[in-house]
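Commentary on secondary and tertiary structure
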Amino acid sequence: MADIAFLLLIFFLVTTTIANDKGILLRLPPPPDPLQEQLDIKIPDRNIFTILANSKDQLLVEGEPFEGSMDDLKNDVKKFILNFGKPTPDGIEIYNSLPPQMKAFVNANGRNPESSDDPTSLKSIVSFKSARGTSYDLYVGILDAMNAAYNEVYASRVGITTEEWLSLDRSNSMQKEMYNRGRSGIPRAISIAEPD
Amino acid sequence: MPKFKKNSKTSEDIPTAALPDIIFMLLFFFMVTTVMRETDIMVKQKIPRATQLTKIERKSLVSYIYVGEPKNVSLYGSEPKIQINDVFITEEDIIGFVNTEKDKLDEVERDQITMSMKVDVDVKMGIISDVQQELRKANALKILYSTIKRVAEK
């Protein structure tokens, strides 16, 4: 009996693949509509955080070569989002809704007139452009850092850790409310340009 | 003369009466967790690591695209290739593939189709970008870069 069970056990051991369906979700922009004219929206440079990667996997962040770790990049992005350089009325409202320790973070690191106005729509955009020769590994790393910055902002807005934020279950109404509260007013403005 | 004599009367055997039970328990565990692999992956798959992972809520909406260097280099060359189901395809075939995958879903859910990109770390962005352009044309806009959880290094 035990022998047969052993045999079956070994068979299932070998054939098992623990499914991992986890990853970084990204929404592609819809295909360009030939009938619609391209809208030319002017966004001042200070409201765009540019990350460029070349085919040698070197980074250019805000016009300067970047050699720090992905963690440093995440912190730079976070400072950029929470800069509040010249907030609009909507931005001021968001600032007032932040928990005290985030206000302290803004006042210690932000308030730079050369950086983003506030985190509302079109006032702070994180832009990433890679080259065709950039490695996929680096691409995922940067995507991860940009998402991490936003998730940290969202998580600390509702007073939980980033881990807890990521495991929020949106089918649960209480957790969904928390999720919406964290995200309200601060869109995840990540723009990924086509590599050339 | 040793002070403490080993009590040689105790049996040294491990009781094996519960062994079948334990084996059966393991067997059931693996039987339940097993997902039979439908496709034979013919490209190298060393999945990158990341920290900010999202879990897919509806598995039925997911289709997989594998990209990587072929395992059989002598037959297929060492340039990264795109694999879908059991075959290698070129970029132009992606629209057709997305449409057949969409046909399997309910009409209301077709826009929600998620393409899971299982890409090897050594692949360059050029091919990924080509795939994404085709996916945009095919109106499959939700993509998931499949990654493994990175353990924080501290």
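Remember, it's a predicted structure, so these values are computed and weren't measured experimentally.

**What to know about the overall build of chain A**
Of regular secondary structure, chain A possesses seven helices and six strands. For chain A, the α and β elements follow one another from N to C terminus as α-β-β-β-β-α-α-α-β-α-α-α-β. Over its C-alpha trace chain A gives a radius of gyration of 21 Å, far above what one expects of a compact globule, namely 16 Å for 196 residues. Dimensions of chain A along its principal axes, counting C-alpha atoms only, are 75 × 45 × 40 Å. Taking all 196 residues of chain A together, 29% fall into the buried category. For chain A, long-range pairs separated by at least 24 residues make up 75% of all intrachain contacts whose partners lie at least 6 apart in sequence.

**Overview of unusual backbone geometry**
The backbone phi angle of A:E62 is positive, close to 50°, even though this residue is not glycine. Owing to 15 C-beta atoms within 10 Å, A:E62 belongs among the partly exposed residues under this scheme.

**Some details on helix α4 (residues 100-109) of chain A**
In terms of burial, α4(A) is largely open, as just zero of its 10 residues are buried. Just downstream of α4(A) lies A:R111, where phi reads positive at about 60°.

**Digging into the nonpolar core**
Counting 53 residues, the largest nonpolar core has A:V77, A:I142, A:M146, A:A149, B:V67 and B:M117 as the members making the most contacts within it. The element best represented in this core is helix α5 (residues 136-157) of chain A, accounting for 12 residues. Apart from the residues lying within four places of it in its own chain, the contact partners of A:M146 are A:V77, A:V126, A:F128 and A:I190.

**Description of the interface of chain B and chain A**
The interface of chain B with chain A comprises 44 residues on the first partner and 42 residues on the second. Of all the secondary structure elements, the ones that give two or more residues to the side of chain B that touches chain A are α1 (19-33), β2 (54-55), β6 (114-119), α4 (125-137) and β7 (142-146) of chain B. Of the residues assigned to the side of chain B that touches chain A, the class counts are 26 nonpolar, 11 polar and seven charged. For strand β1 (residues 22-27) of chain A and β2(B), the ladder comprises two bridges, and the chain directions are antiparallel. The partner of A:K22 across the bridge, within β2(B), is B:K55.

**Here's the deal with the sheet that holds β6(B)**
A sheet is described by the order of its strands in space; here seven strands give the open sequence β2(B)-β1(A)-β7(B)-β6(B)-β3(B)-β4(B)-β5(B), paired in mixed fashion. Every other strand in the sheet has two partners, leaving β2 and β5 (87-89) of chain B as the edge strands with one partner each. Here four bridges tie β6(B) to β7(B), and the two strands are oriented parallel to one another. Residue pairing in the sheet places B:M117 in a bridge with B:Y145 of β7(B). Its contacts with the sheet place α5(A) against β1 of chain A together with β6 and β7 of chain B, and it is angled at close to 80° to β1(A).

**Some points on the sheet that holds strand β5 (residues 125-129) of chain A**
Residue and element names in this part refer to chain A. One open sheet accounts for five strands, arranged β4-β3-β2-β5-β6; its pairing is mixed. Among the strands making up the open sheet, the edge pair consists of β4 (64-66) and β6 (190-193). The average angle at which neighbouring strand axes cross in this sheet is 25°, direction not considered. One ladder, built from three bridges, connects strand β3 (residues 59-61) with β4; its direction is antiparallel. Of the residues in β4, the one forming a bridge with L60 is P65.

Reading guide: rules and limits
- Residues numbered from 1 in each chain as written.
- Chains lettered and ligands numbered in written order.
- Predicted model: local features only at pLDDT ≥ 70, side-chain atom pairs only at ≥ 80, totals over all residues.
- Helix = DSSP H or I, 4+ residues; strand = E, 2+ residues; numbered from the N terminus.
- Rg over C-alpha atoms; globule rule 2.2 N^0.38 Å.
- Buried ≥ 20, exposed ≤ 12 C-beta atoms within 10 Å, placed from the backbone.
- Contact = placed C-beta atoms within 7 Å.
- Core = buried A, V, L, I, M, F, W, Y, C linked by C-beta atoms within 7 Å.
- Nonpolar A, V, L, I, M, F, W, Y, C, P; charged D, E, K, R; others polar.
- Pairing = 2+ DSSP bridges.
- Axes fitted to C-alpha atoms, helices over the stretch in contact; angles between N-to-C directions.

The quantities given are spatial measurements derived from coordinates; they are silent on function.
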